[in-house]
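Tertiary structure, described
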Amino acid sequence: VQLQASGGGLVQAGGSLRLSCAASGRTFSTYGMGWFRQAPGKEREFVAAINWSGGSTYYADSVKGRFTISRDNAKNTVYLQMNSLKPEDTAVYYCAAVGGMTIPTHARLVDYWGKGTQVTVSS
């Protein structure tokens, strides 16, 4: 599986962005998908994840109520809608995939990583 993230950019605090991650291959609907982020000098951290069907979602406490993960299996794409952005959300955001029934809620579970997309939130 190859993953291509897009949608990052510069936004003011309180603003919104929507990240997209397009996946190659015909087995996208069998993968659990997720988003992670890494700020300078920090470890990569879990942000949000979704199971193969879209019926179950998981969020880091720091983004609950502000971010929404979703997927469109017909388009081989997973999304991360980010609202009420804060300066501490500034990071490179990475799309992730894991096969089988696993849901990528930790970096060690991830089988595939996409290249990151930069999100910068100004105060």
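As shown above, the structure is provided for reference.
Described in the following lines is the structure provided in the data block.

It is worth spelling out the sheet that holds strand β3 (residues 17–23) at this point. Two orientations exist for strands paired in a sheet by backbone hydrogen bonds: parallel and antiparallel. Spatially, β1-β3-β8-β7 is the arrangement adopted by the 4 strands of the open sheet, whose pairing is antiparallel. Pairing within the sheet leaves two strands with one partner each, and these edge strands are β1 (3–6) and β7 (67–72). With direction set aside, neighbouring strand axes in the sheet form an average angle of 15°. Note: β3 against strand β8 (residues 77–82), 6 bridges, orientation antiparallel. Each residue of the ladder has a partner; that of Ser20, found in β8, is Tyr79.

What follows is about the pattern of salt bridges. Tallied over the entire structure, the rule returns 4 salt bridges. The partner of Arg37 in a salt bridge is Asp89, with the nearest N and O atoms 2.9 Å apart. Of the two residues, Arg37 is situated in strand β4 (residues 32–38) and Asp89 in the loop between β8 and β9 (91–98); the sequence distance between them amounts to 52 residues. You'll find Arg37 and Asp89 in the same group, each marked buried. Note that Arg66 is salt-bridged to Asp89, the shortest N-O span being 2.7 Å. Placement of the pair is Arg66 in the loop between β6 (57–59) and β7 and Asp89 in the loop between β8 and β9, with a sequence separation of 23 residues. As far as burial versus exposure is concerned, Arg66 and Asp89 are alike and both buried.

The next subject is the state of the cysteines. Under the counting rule described, the total for this entry stands at 1 disulfide. One disulfide in the model links Cys21 with Cys95; its S-S distance is 2.1 Å. The S-S bond linking Cys21 to Cys95 shows a torsion near -85°; that makes this disulfide left-handed. On the criterion of sequence distance, the pair formed by Cys21 in strand β3 and Cys95 in strand β9 is long-range, its members being 74 residues apart. You can call Cys21 buried: its relative accessible area is 0%.

Accessibility expressed as a relative area gives 6% for Arg37, which makes it buried. Here the side chain of Arg37 touches Ser62 through a polar contact of 3.5 Å, side chain to side chain. Within the structure, Arg37 has its side chain in polar contact with the side chain of Asp89 (distance 2.9 Å). Excluding residues that lie within four positions of it along the chain, Arg37 makes contacts with Glu43, Arg44, Glu45, Val47, Ser62, Val63, Phe67, Glu88, Asp89, Ala91, Val92 and Tyr93.

Conventions adopted
Residues numbered from 1 in each chain as written. Predicted model: local features only at pLDDT ≥ 70, side-chain atom pairs only at ≥ 80, totals over all residues. Heavy atoms only, no water. Pairing = 2+ DSSP bridges. Helix = DSSP H or I, 4+ residues; strand = E, 2+ residues; numbered from the N terminus. Axes fitted to C-alpha atoms, helices over the stretch in contact; angles between N-to-C directions. Salt bridge = Lys/Arg side-chain N within 4 Å of Asp/Glu carboxyl O. Buried < 20%, exposed > 50% of the residue type's maximum accessible area, 1.4 Å probe, protein only. Disulfide = S-S within 2.5 Å. Polar contact = N/O pair within 3.5 Å; in protein donor to acceptor, adjacent residues only side chain to side chain. Contact = heavy atoms within 4.5 Å.

These results come straight from atomic positions and should not be treated as a statement about function.
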